[in-house]
Amino acid sequence: MVSVVVKKVILSVLAGLVLMLPEPVHAASKFIQVWRGGGYDMYVNTATVIKVNGVTSFWVKSVYSDQAKAAVRKELPAKVKKLPIEYGMDYFQYDSKKKKYNIKMSSVYSGSKEVFREGNKKWLPLKNGTLAATVYAKVVEYLEQKNSD
């Protein structure tokens, strides 16, 4: 019999592996635009939206203008600054009960290759009028529409 601790470790490892995938491949992937402004467009991959215990998680792809690519490049480590920046992928988590959110992982891609990744464990308050609140509202709207169909 497998102990509860072993099961939790296995589930944690599997969850970590899923988070490391830049963009889960799914035949029915559908991207919805959730933001446009500041030199970039953001799209949620609806095939990645999951909700567990009040926490909604999903991947967001950011497509940058030339000006936004230059701004992103400035924040990157020296070894990747000269690479052509194509897009970014972020794994968002929203806790609807606590009204908080976290961008668990952010990656930058050059072509189809991930050239930079950083993680974050800090949960921030979800404030009305912010980009984070706008993205979450669009996902909630999508889920409500999906559930009514």
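Below you will find a few notes about this structure. (Residues numbered from 1 in each chain as written. Predicted model: local features only at pLDDT ≥ 70, side-chain atom pairs only at ≥ 80, totals over all residues. Heavy atoms only, no water.)

Next up on the list: the side chain of lysine 69. Secondary-structure assignment places lysine 69 in helix 2 (residues 66-74). Of the side chains bearing the opposite charge, aspartate 66 lies closest to the buried lysine 69, which forms no salt bridge; the N-O distance is 4.2 Å. In this structure lysine 69 touches Tyr64, Ile85 and Glu86, once residues within four positions along its chain are discounted. (Helix = DSSP H or I, 4+ residues; strand = E, 2+ residues; numbered from the N terminus. Buried < 20%, exposed > 50% of the residue type's maximum accessible area, 1.4 Å probe, protein only. Lys, Arg positive; Asp, Glu negative; His and termini not counted. Salt bridge = Lys/Arg side-chain N within 4 Å of Asp/Glu carboxyl O. Contact = heavy atoms within 4.5 Å.)

Our focus in this paragraph is the pattern of salt bridges. Applying the stated criterion to the full structure yields 2 salt bridges. One salt bridge connects arginine 36 with aspartate 41, and the closest N-O pair in it is separated by 3.1 Å. For arginine 36, a relative accessible area of 63% translates into the label exposed. Between arginine 117 and glutamate 114 there is a salt bridge, with the nearest N and O atoms lying 2.8 Å from each other. Look at glutamate 114 and you get partly exposed, because its relative accessible area is 27%.

Its place among the elements puts phenylalanine 31 in strand 1 (residues 31-37). Sequence separation between phenylalanine 31 and tryptophan 59 is 28 residues, and the spatial gap between their C-alpha atoms is 9.9 Å.

Bringing helix 2 into the picture now. Among all positions of helix 2, only Ala68, Lys69 and Val72 are buried. In an axial view of helix 2, the angular spread of the buried residues amounts to 105°, which keeps them on one side of the axis. What points out from helix 2, more than 90 degrees from its buried face, is the exposed set Asp66, Gln67 and Lys74. Packing partners of the buried residues in helix 2 comprise strand 4 (55-64) and strand 6 (100-110). (Arc of directions from axis to C-beta.)

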